[in-house]
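# Summary of structural features
For reference, the chains in residue letters:
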Amino acid sequence: MLDALMAAAPSLADQREQVVRMSAALAVGGPLADRIWRASVDATRRLSILIC
């Protein structure tokens, strides 16, 4: 059973690659950063409409 778990776990190199890709996506100008920014702006606008 332990062998099966070890085989399914991503290697450290795979984990590092994932961290590098996510960091690039979240960096200023990255695709995820832009999406998160747009979503937060939309949410702020909606909230301000509800408050007014």
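### Quick look at the pattern of salt bridges
Tallied over the entire structure, the rule returns two salt bridges. As a salt-bridge pair, Glu 17 and Arg 21 come within 3.7 Å of each other at their nearest N and O atoms. Of this pair, Glu 17 and Arg 21 both sit in helix H2 (residues 12–26), four residues apart, which is roughly one turn of the helix. A relative accessible area of 44% places Glu 17 in the partly exposed class. In this structure, the salt-bridge partner of Asp 42 is Arg 45, at a minimum N-O distance of 3.9 Å. Linking Asp 42 with Arg 45, this pair stays in helix H3 (residues 31–51), spanning three residues, or about one helical turn. Taking relative accessible area as the criterion, Asp 42 reaches 34% and is therefore assigned partly exposed.

Basis of the calculations
- Residues numbered from 1 in each chain as written.
- Predicted model: local features only at pLDDT ≥ 70, side-chain atom pairs only at ≥ 80, totals over all residues.
- Heavy atoms only, no water.
- Salt bridge = Lys/Arg side-chain N within 4 Å of Asp/Glu carboxyl O.
- Helix = DSSP H or I, 4+ residues; strand = E, 2+ residues; numbered from the N terminus.
- Buried < 20%, exposed > 50% of the residue type's maximum accessible area, 1.4 Å probe, protein only.

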